[in-house]
Amino acid sequence: MTGLLTSDTAAAHQAGAGAAPRGARAGQGPGTVRAFRATPFTYATLIVVAAILTAPLVFVASIALSGDATVNTNSFTLLPTQFHWENFGRLFGTELPMGRFLINSVIISLCSVAGQMLSSGLVGYAFARLRAPGKNALFLVVIATMMIPTQITMIPQFVLFRDLGWVNTYLPLIIPNFFSNAFNVFLVRQFVSRLPSQLDEAAMVDGLGFFGIYRRIMLPMIWPVLIAIGIFTLTHTWGDFMGPLIYLNDESKMPLSLGIQYITSTSGAGQAPPWNLVMVGSILLAVPMIIVYYLGQKYLYEMDISGGSAGVK
């Protein structure tokens, strides 16, 4: 009898456990979040928002492909009606060394990216793993520097670089990137601090020091966040206008962002600037960043700061 009751009770429990809650579907528990189902209104809203966001880019392309007569009459249209592809070649045929401007932008951007990736990885790893008195207080000071506006430090930095004799060189634009910045240090520190510390301990048992652990173990694991930092830095330095304007005087050292502005000064008195060539230069500034983001977007998605799981997949 006891065995029979036990069997009946077990069967009742199994039946109760197998019964789905009211309103729940098969395969979903009571706490499962249902997948979002797009409706025609959702797609219509996305199309309208995408059209609004892409309208400026389409207008830039329309101006870049316009002829000189359209520029002189200032009769631009939102959608391209003219297709003067030769404007892309004319940009490099002006009296300004646009090819040299492009090379200068590449040099400044790549060196800045290398400096940020190198310094941010080392400093962020040190804040996450090294044990030192006052480390947390120092980290708070580093984070607090993010609240200082750039305009406040602009003049002291210029005076410092002028006294060092770095004005009219690439050094003021490149060297500061080898000392990282607070935001990038925060990204790496948060990423590394959530990786298992047993990896470091096992490596120390094998005789590796801090630099060995960073180079052989941590560096391959934090590669997604370093590539993300590289993309952020490249986006900033490639289109930077204020820095080159302050520190560079020679025309042959100017990057593309500053050289495009000089196109507007080549027009004569009472003559409209060649806006079609200016927009061609703007496209040259925008397209590389779009390509870089497209190629590196998977690393941006893998940069899971909250869990740090991307490095151990």
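Residues numbered from 1 in each chain as written. Predicted model: local features only at pLDDT ≥ 70, side-chain atom pairs only at ≥ 80, totals over all residues. Heavy atoms only, no water.

**Quick look at the overall build of the chain**
Within the chain, the regular secondary structure consists of 15 helices and zero strands. Long-range pairs, those at least 24 residues apart, make up 71% of the contacts in the chain with a sequence separation of at least 6. (Helix = DSSP H or I, 4+ residues; strand = E, 2+ residues; numbered from the N terminus. Contact = heavy atoms within 4.5 Å.)

**Here's the deal with the confidence of the model for the chain**
Within the chain, residue pLDDT values average 84, and 83% of them lie at 70 or more. Of all helices and strands in the chain, the one with the weakest mean pLDDT is helix α1 (residues 2-18) (46), whereas helix α8 (residues 171-174) scores best (96). (pLDDT = per-residue confidence, 0-100.)

**Let's talk about the packing of aromatic side chains**
Using the criterion set out here, one finds seven aromatic pairs in the structure. Ring geometry for Phe-83 against Trp-85: centres 6.5 Å apart, planes inclined by 25 degrees, an arrangement best described as stacked. You'll find Phe-83 and Trp-85 in the same group, each marked exposed. A network of ring pairs unites the aromatic residues Phe-158, Phe-161, Trp-166 and Tyr-247 as a single cluster. Arg-189 extends its terminal NZ or CZ atom over the ring of Phe-139, reaching a point 4.5 Å from the ring centre. (Phe/Tyr/Trp six-rings, centres within 6.5 Å; stacked < 30°, edge-to-face > 60°. Buried < 20%, exposed > 50% of the residue type's maximum accessible area, 1.4 Å probe, protein only. Lys NZ or Arg CZ within 6 Å of the ring centre and 35° of its normal.)

**A short note on helix α9 (residues 182-193)**
Under the 1.5 Å per step criterion, the end-to-end length of α9 is 16 Å for twelve residues, consistent within 8% with the ideal 16 Å. Residues Ala-182, Asn-184, Val-185, Leu-187, Val-188, Gln-190, Phe-191 and Val-192 constitute the buried set of α9. Each element contacted by the buried residues of α9 is listed here: α5 (98-129), α6 (135-144), α11 (210-221), α12 (223-238) and α15 (275-302). The opening residue of α9 is Asn-181, an N-cap whose side-chain oxygen sits 3.2 Å from the backbone nitrogen of Phe-183. (Expected span 1.5 Å × (residues − 1). Polar contact = N/O pair within 3.5 Å; in protein donor to acceptor, adjacent residues only side chain to side chain.)

**A short note on the side chain of Ser-119**
Note on placement: Ser-119 falls in helix α5. Looking at Ser-119, the relative accessible area reads 8%, which means it is buried. Polar side-chain contacts of Ser-119 include one of 2.7 Å to the backbone oxygen of Gly-115. Every residue in contact with Ser-119, bar those within four places of it in the chain, is listed here: Asn-177, Phe-178, Phe-179 and Ser-180.

**Remarks on the packing of α5 against α12**
The interhelical angle for the contact between α5 and α12, taken along N-to-C directions, is 145 degrees, at an axis separation of 8 Å. At the point where α5 passes α12, the crossing takes the right-handed sense. Residue-level contacts link Leu-102, Ser-105, Val-106, Ser-109, Ser-112, Val-113, Gln-116, Met-117, Ser-120 and Gly-121 of α5 to Trp-223, Leu-226, Ile-227, Ile-229, Gly-230, Thr-233, Leu-234, Thr-237 and Trp-238 of α12. (Axes fitted to C-alpha atoms, helices over the stretch in contact; angles between N-to-C directions. Left-handed = near helix turned anticlockwise from the far one by under 90°.)

**Describing α15**
Spanning 28 residues, α15 covers 40 Å between terminal C-alpha atoms, matching the ideal 40 Å at 1.5 Å per step. Gly-296 marks where α15 bends most, by close to 55 degrees. Of all the positions in α15, only Asn-276, Leu-277, Val-278, Met-279, Val-280, Gly-281, Ile-283, Leu-285, Met-289, Gly-296 and Leu-300 are classed as buried. Close packing links the buried residues of α15 with α2 (40-64), α3 (68-73), α4 (87-91), α12 and α14 (256-263). (Bend = angle between axes of the 7 residues up to and from the residue.)

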